[in-house]
Amino acid sequence: MKLAERIGGIELSPTFRINATARRMAASGVDVVDFSVGEPDFPTPDRAKAAGKAAIDRNFTRYTANEGTLELRQAIAAKLEQEQGLSYGPEQVLVSPGAKASLYCAVMALFGPEDEVLVPVPYWVSYPEQIRLAGAKPVPLEAREADGFKIKPHDLDAAIGRQTRGIILNYPSNPTGACYTKDELKALADVAAEHDIAIIADEIYEKLLYDGRTFTSIAATGPAAAGRTVVVNGMSKAFAMTGWRLGYAAGPKKILDAMAKVQSHTTSHPTSISQVAGEIALRECAADVSRMAAEFARRRDAIVSWLAKIPGLTCVKPAGAFYAFPNVSKLFGRAIGGNVVQSGQDVAEALLAAARVAVVPGEAFGSGSHVRISFSCSMERLEEGMRRIAQAVS
Ligand SMILES: Cc1ncc(COP(=O)(O)O)c(C=O)c1O
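Predicted model only: the values in this text are computed from it and were never measured. (Residues numbered from 1 in each chain as written. Predicted model: local features only at pLDDT ≥ 70, side-chain atom pairs only at ≥ 80, totals over all residues. Heavy atoms only, no water.)

Q: Outline the packing of aromatic side chains, supporting the account with residue identities and numerical values.
A: All told, the structure shown has 10 aromatic pairs when counted by the stated rule. When the ring of Tyr171 is compared with that of Tyr180, the centres are 6.2 Å apart and the planes differ by 85°; the resulting orientation is edge-to-face. Exposure class is identical for Tyr171 and Tyr180. Each is buried. Arranged with centres 5.8 Å apart and planes meeting at 85°, the rings of Phe325 and Phe365 form a pair that is edge-to-face. Placement of the pair is Phe325 in the loop between β9 (323-324) and β10 (335-336) and Phe365 in the loop between β13 (360-361) and β14 (371-374), with a sequence separation of 40 residues. Given a relative accessible area of 1%, Phe325 falls into the buried group. Among the aromatic residues, those joined into a cluster by ring pairs are Phe42, Tyr205, Phe296, Phe322 and Tyr323. (Phe/Tyr/Trp six-rings, centres within 6.5 Å; stacked < 30°, edge-to-face > 60°. Buried < 20%, exposed > 50% of the residue type's maximum accessible area, 1.4 Å probe, protein only. Helix = DSSP H or I, 4+ residues; strand = E, 2+ residues; numbered from the N terminus.)

Q: Tell me about the side chain of Ser173, and please be specific about residues and values.
A: Inspection of the secondary structure assignment puts Ser173 in the loop between β5 (164-170) and α7 (182-195). For Ser173, a relative accessible area of 6% translates into the label buried. Polar side-chain contacts of Ser173 include one of 3.0 Å to the side chain of Thr176. Excluding anything up to four places from it in sequence, Ser173 contacts Ala178, Ala321 and Tyr323. (Polar contact = N/O pair within 3.5 Å; in protein donor to acceptor, adjacent residues only side chain to side chain. Contact = heavy atoms within 4.5 Å.)

Q: So what's going on with the sheet that holds β13? Which residues, and what values?
A: Here 3 strands make up an open sheet; going across it, the order is β9-β14-β13 and the pairing antiparallel. One side of each edge strand has no neighbouring strand; the edge strands of this open sheet are β9 and β13. Sheet analysis places β9 next to β14, joined by 2 bridges and oriented antiparallel. Across the sheet, Ala324 pairs through a bridge with Ile373, a residue of β14. (Pairing = 2+ DSSP bridges.)

Q: I'd love a proper account of the state of the cysteines, names of residues and values included.
A: Per the stated rule, a full pass over the model turns up 0 disulfides. For Cys377, which is in no disulfide, the shortest distance to another cysteine sulfur is to Cys315 and amounts to 15 Å. (Disulfide = S-S within 2.5 Å.)

Q: Explain the site of the ligand residue by residue, including any values.
A: The environment of the ligand is formed by 13 residues, the closest being Ala99, Asp202, Ser236, Lys237 and Arg245. For the ligand, an oxygen atom lies 2.6 Å from a polar atom in the backbone of Ala99. At 2.7 Å from an oxygen atom of the ligand is found a side-chain nitrogen or oxygen belonging to Ser236. In isolation the ligand offers 400 Å² of accessible surface; the protein chains occlude 92% of this area. The class makeup of the residues in the shell around the ligand is 5 nonpolar, 4 polar and 4 charged. (Near = heavy atom within 4 Å. Areas by Shrake-Rupley, 256 points an atom, 1.4 Å probe, with all protein chains shown as cover. Nonpolar A, V, L, I, M, F, W, Y, C, P; charged D, E, K, R; others polar.)

These figures capture arrangement, not role.
Right under this line is the structure:
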């Protein structure tokens, strides 16, 4: 049986792959420190769990509106108004089964054949693949390590060509943790407005921001930005609700209507139960979010100081999210556990074999000089994993 041509250029998510190998090793009794995970290690807040259980008990188990329940969309609109001063009506909000699904609806609604979409590198693994699935072309735009993995307005200006229709920005970033300031976002939005391109802003790590930084959405930098931006966010990272599958998008009505059409013929909506839990999470679980963010901050400080002590590794300090993205290129040509390494992929494989530590090769994010370490695990496991890495590379 012949498969569709479009699937030829698509890879299975590499983060899932590494994670599967680590789980297999663990299942066979090997003590693996798994730094490949992309989800909080905390339980979902109690109130959100209780709301989900209650939703089942009161038989709130049928189809909801395609866009998501009005109550949840109102809660999302209220959040965006309170935190960012953005005023969206509930009709400008679409709730989806995960931010990944929100992003897919946005990409499908905005881009098609002949269109080019800028993707800053390093990028989150699914952006280029979703753009390809839409029949459009992802165009890499280097976010230089020397610039803290952030693109500059003149980089954006120079990268926009005749076919460019949009850009996907992600701040704080998976995998680098980099986050733009309000002024930086305003400058990028001005360039996007000048060239009339769309912005998809993936803000799923907004609540995990360190050193007292405050988060600004690019849509909140002015009307020109708001009029061309689809804000994407979700419950997975801030509320430790990855398995509930709940994400959302907000933006100009014309785009959101188009996204709703895509959703109406694909996933329909997230489960009714998750939507109730998500609404309570947004309305009542801010203290849980702060507690988790404080613990991530503690781990971020620890990993940054441990990484600094390992010769051969350099790391831009992550401003947010729960990943460190050390540059491992100084190790190239050396042996780890008897294997000479020449790439991020080699380093990741060698660390798994020699140190029983799972990290994600930077290649998954468009950089062969890095590996991604997730610090979404207990401080004890973090320390143990870093000790093993230090030993393996020394
Ligand atoms: C940058 C980024 N965006 C979106 C997602 C998708 O999140 P979900 O579909 O669980 O809401 C992830 C998950 O890893 C992510 O890292």
